[in-house]
Amino acid sequence: MDRIGFIGTGSMGTILIEALLSSKALSPGQIMIGNRTPAKAERLAELYPGLVVAPSNAELAEAAKVLLLCVKPLEYKVLLEQITPVLTPEHLLITITSPIKLSLLEERVPCAVARVVPSITNAARSGISLCEFGSRIDEAQKQYILKLFSSISHPTMVSEAFLRVTSDITSCGPAFLSYILQQMIQEAVNETGISEDAATYLTTKMFIGMADLLKEDIFTLPSLQQRVCVPGGITGEGLIPLKEGIPGLFTEVYRRTHAKFAEDQELVEQRLTNHQR
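Being a predicted model, the structure only gives us computed values, none of them experimental.

What counts and how
- Residues numbered from 1 in each chain as written.
- Predicted model: local features only at pLDDT ≥ 70, side-chain atom pairs only at ≥ 80, totals over all residues.
- Heavy atoms only, no water.
- Phe/Tyr/Trp six-rings, centres within 6.5 Å; stacked < 30°, edge-to-face > 60°.
- Helix = DSSP H or I, 4+ residues; strand = E, 2+ residues; numbered from the N terminus.
- Buried < 20%, exposed > 50% of the residue type's maximum accessible area, 1.4 Å probe, protein only.
- Pairing = 2+ DSSP bridges.
- Contact = heavy atoms within 4.5 Å.
- Axes fitted to C-alpha atoms, helices over the stretch in contact; angles between N-to-C directions.
- Salt bridge = Lys/Arg side-chain N within 4 Å of Asp/Glu carboxyl O.
- Expected span 1.5 Å × (residues − 1).
- Bend = angle between axes of the 7 residues up to and from the residue.

Now for the packing of aromatic side chains. Within the structure shown, the criterion is met by two aromatic pairs. Consider the rings of Phe176 and Phe250, whose centres lie 6.4 Å apart with planes at 65°: the pair is edge-to-face. Of the two residues, Phe176 is situated in helix 7 (residues 163-192) and Phe250 in helix 11 (residues 249-276); the sequence distance between them amounts to 74 residues. You can call Phe250 partly exposed: its relative accessible area is 26%. Ring centres of Phe250 and Tyr254 lie 6.2 Å apart, and the angle between their planes is 45°; on these two criteria the pair is classed as tilted. Placement of both Phe250 and Tyr254 in helix 11 is noted, with a separation of four residues, approximately one turn of the helix. For Tyr254, a relative accessible area of 29% gives the class partly exposed.

Following this line, the structure appears as structure tokens:
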């Protein structure tokens with residue numbers, strides 16, 4: 001499994017390639033890339049000399065036995081039409097998208113399949129990558145995947161039943177928290193007149209410091225809140241509107257992400273099933 005192919009060099013595909021290169025888990029010469037817009041793949045190859053741009057997805061699949069599928073769910077129908085004729089039982093397909101069921105993918109290809117849902121935090125060689133293995137994965141393939149993603153994350157096994165909520169937390173979570181922090185900054189600016197640059201700097205450093213406390217196991221989330229929030233203090237007063245407004249908010253967040261996930265799953269299944277027929 002020396003050569004690995006990336007089909008799709010959009011945001012997450014590029015993040016994974018750059019993280020794996022910076023961690024030295026892979027060298028440019030071990031990576032082949034393909035994109036439906038060849039110019040995007042070529043630009044990435046210019047940044048990292050040694051990366052090979054494949055002329056087509058079929059040729060990429062012929063040259064690399066390990067394929068990371070970094071395309072959107074509704075692009076799988078066309079992608080599988082392109083690569084399935086050249087796939088062999090020796091191939092290993094790793095999808096990074098959550099809506100496509102591994103069992104459905106296994107029905108359409110002759111090889112082992114797996115899922116690894118990455119996070120933008122992997123760009124800093126941190127955070128979680130969620131791993132789910134298909135029924136054909138052997139022990140060597142499993143260890144290969146875990147070792148590869150250990151270089152840029154903490155690989156964590158997940159079952160299909162909890163795939164969506166774990167993805168909400170690890171993969172969508174950075175966007176959710178980013179939005180909340182941006183609101184914290186903007187409302188500080190609006191209410192007090194502090195400059196946006198100052199509020200952004202202070203909030204960013206606070207968040208990094210808080211992450212360090214959790215990383216070093218100095219505090220848990222509840223004990224951190226308890227230590228800062230002394231009885232009768234200013235922090236407690238500030239928590240009052242948060243306690244009134246936030247409970248139930250993430251219930252709606254999860255309901256919406258699960259509904260969208262179910263919709264995407266149904267669309268993907270319809271497309272692939274129609275293709276099979």
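This is not the end of the story, as more comes after the structure.
Our next topic: the sheet that holds strand 7 (residues 128-133). Strand order in the open sheet formed by eight strands is 3-2-1-4-5-6-7-8, and the pairing between neighbours is mixed. If you trace the sheet from one side to the other, it starts and ends with strand 3 (52-53) and strand 8 (154-157), each paired once. Taken strand by strand, helix 4 (residues 76-83) contacts strand 1 (4-7), strand 4 (66-69) and strand 5 (92-95), and its axis lies near 160° from that of strand 4. The strands that helix 7 touches are strand 6 (112-117) and strand 7; relative to strand 7, the one it contacts most, it runs at about 160°.

The next subject is the side chain of Asn57. Summarising the element assignment, Asn57 is placed in helix 3 (residues 57-63). Of the residues examined, Asn57 reaches a relative accessible area of 16% and is grouped as buried. With residues near it in sequence (within four places) discarded, Asn57 still touches Ile7, Leu79, Gln82 and Ile83.

Moving on to the pattern of salt bridges. The tally for this structure, following the rule as stated, stands at eight salt bridges. Here Asp264 and Lys260 are joined by a salt bridge, their closest N and O atoms 3.3 Å apart. With Asp264 and Lys260 both in helix 11, this residue pair falls four residues apart, about one helical turn. Looking at Lys260, the relative accessible area reads 43%, which means it is partly exposed. The structure contains a network of salt bridges with shared partners spanning Lys260, Glu263 and Asp264.

Turning to helix 7, a few remarks are in order. Counted at 1.5 Å a residue, the expected span for helix 7 with its 30 residues is 44 Å, and the 42 Å between its end C-alpha atoms agrees. Maximal helix bending in helix 7 amounts to about 65°, located at Cys172; proline Pro174 follows within four positions. Along helix 7, the residues that are buried comprise Leu163, Arg164, Ser167, Asp168, Thr170, Gly173, Leu181, Ile185 and Val189. In the segment just after helix 7, Gly193 is the residue with positive phi, at about 90°.

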